[in-house]
Amino acid sequence: MTKNSYKCVLIFKEMTNSTNFQLMTFSYAQFLKQLGAAEINASSKNAYELTYPIQKSTNVKFIEFSFLVSPQALKTFTQRLRLDESLLRFFLTKTA
């Protein structure tokens, strides 16, 4: 099965507990692994101030993932993202 390279940025509401945020990062990485993703890299930023609000939030946290996965697995991944109530927005792009 062919795997393509993707980047995904997840923007979350400000959470008070950084341990929960680390667990969320790990949880999404594990989910990608279950979907057959490879070369999963994650970087997070715990405090970030937006120049304009998203759903009335200007203080956010974000995670950026890069990974290889089959295009068929992306539908399942994005469905899970849409169900996450703490997620304000996500951007998924295919990389070269």
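The structure we're discussing is the one just above.
Residues numbered from 1 in each chain as written. Predicted model: local features only at pLDDT ≥ 70, side-chain atom pairs only at ≥ 80, totals over all residues. Heavy atoms only, no water.

Caption draft 1: Spatial organisation of the overall build of the chain. Check the secondary structure of the chain and you find two helices and four strands. Shown N-terminal to C-terminal, the secondary structure of the chain runs as helices and strands in the order β-α-β-β-α-β. For 96 residues, the compact-globule estimate of 2.2 N^0.38 gives 12 Å, and the C-alpha radius of gyration of the chain, at 13 Å, lies within 12% of that figure. Seen through its C-alpha atoms, the chain measures out along the principal axes to roughly 40 × 25 × 20 Å. Of the contacts formed within the chain by residues at least 6 apart in sequence, a portion of 76% connects residues at least 24 apart. Accessible area of the chain: about 6100 Å², with a carbon and sulfur share of 51%. (Helix = DSSP H or I, 4+ residues; strand = E, 2+ residues; numbered from the N terminus. Rg over C-alpha atoms; globule rule 2.2 N^0.38 Å. Contact = heavy atoms within 4.5 Å. Areas by Shrake-Rupley, 256 points an atom, 1.4 Å probe, with all protein chains shown as cover.)

Caption draft 2: Expanded view of the packing of aromatic side chains. Overall, the coordinates contain seven aromatic pairs when judged by the stated rule. Judged by centre distance (5.2 Å) and plane angle (85 degrees), the ring pair of Y48 and F62 falls under edge-to-face. With Y48 in strand β2 (residues 38-54) and F62 in strand β3 (residues 57-69), this residue pair connects regions lying 14 residues apart in the sequence. For Y48, a relative accessible area of 37% translates into the label partly exposed. Residue F62 is classed as buried on the basis of its relative accessible area of 19%. Positioned above the aromatic ring of Y28, the side-chain terminus of R80 is 5.0 Å from the ring centre. Its end group placed over the ring of F31, R80 keeps NZ or CZ at 4.5 Å from the ring centre. (Phe/Tyr/Trp six-rings, centres within 6.5 Å; stacked < 30°, edge-to-face > 60°. Buried < 20%, exposed > 50% of the residue type's maximum accessible area, 1.4 Å probe, protein only. Lys NZ or Arg CZ within 6 Å of the ring centre and 35° of its normal.)

Caption draft 3: Seen up close, helix α1 (residues 18-34). Spanning 17 residues, α1 covers 24 Å between terminal C-alpha atoms, matching the ideal 24 Å at 1.5 Å per step. Summarising the contacts, the buried residues of α1 are in contact with β1 (4-13), β2, β3 and α2 (71-83). Positive phi shows up at G36, right after α1, with a value of about 95 degrees. (Expected span 1.5 Å × (residues − 1).)

Caption draft 4: How the structure looks around the nonpolar core. In terms of nonpolar packing, the biggest core is built from 20 residues, with L10, F12, Y28, F65, F67 and F77 touching the most fellow members. Counting residues per element, the ones that place at least two in this core are β1, α1, β3 and α2. A total of six residues in this core trace back to one element, the largest contributor, which is α1. The contact partners of L10, leaving out residues within four places of it in the chain, are Y28, K61, F62, I63, F65, L81, L87, R89 and F90. If you look at the next biggest cluster of nonpolar residues, it comprises six residues, including L50, I54, F62 and L88. (Core = buried A, V, L, I, M, F, W, Y, C linked by side-chain atoms within 4.5 Å.)

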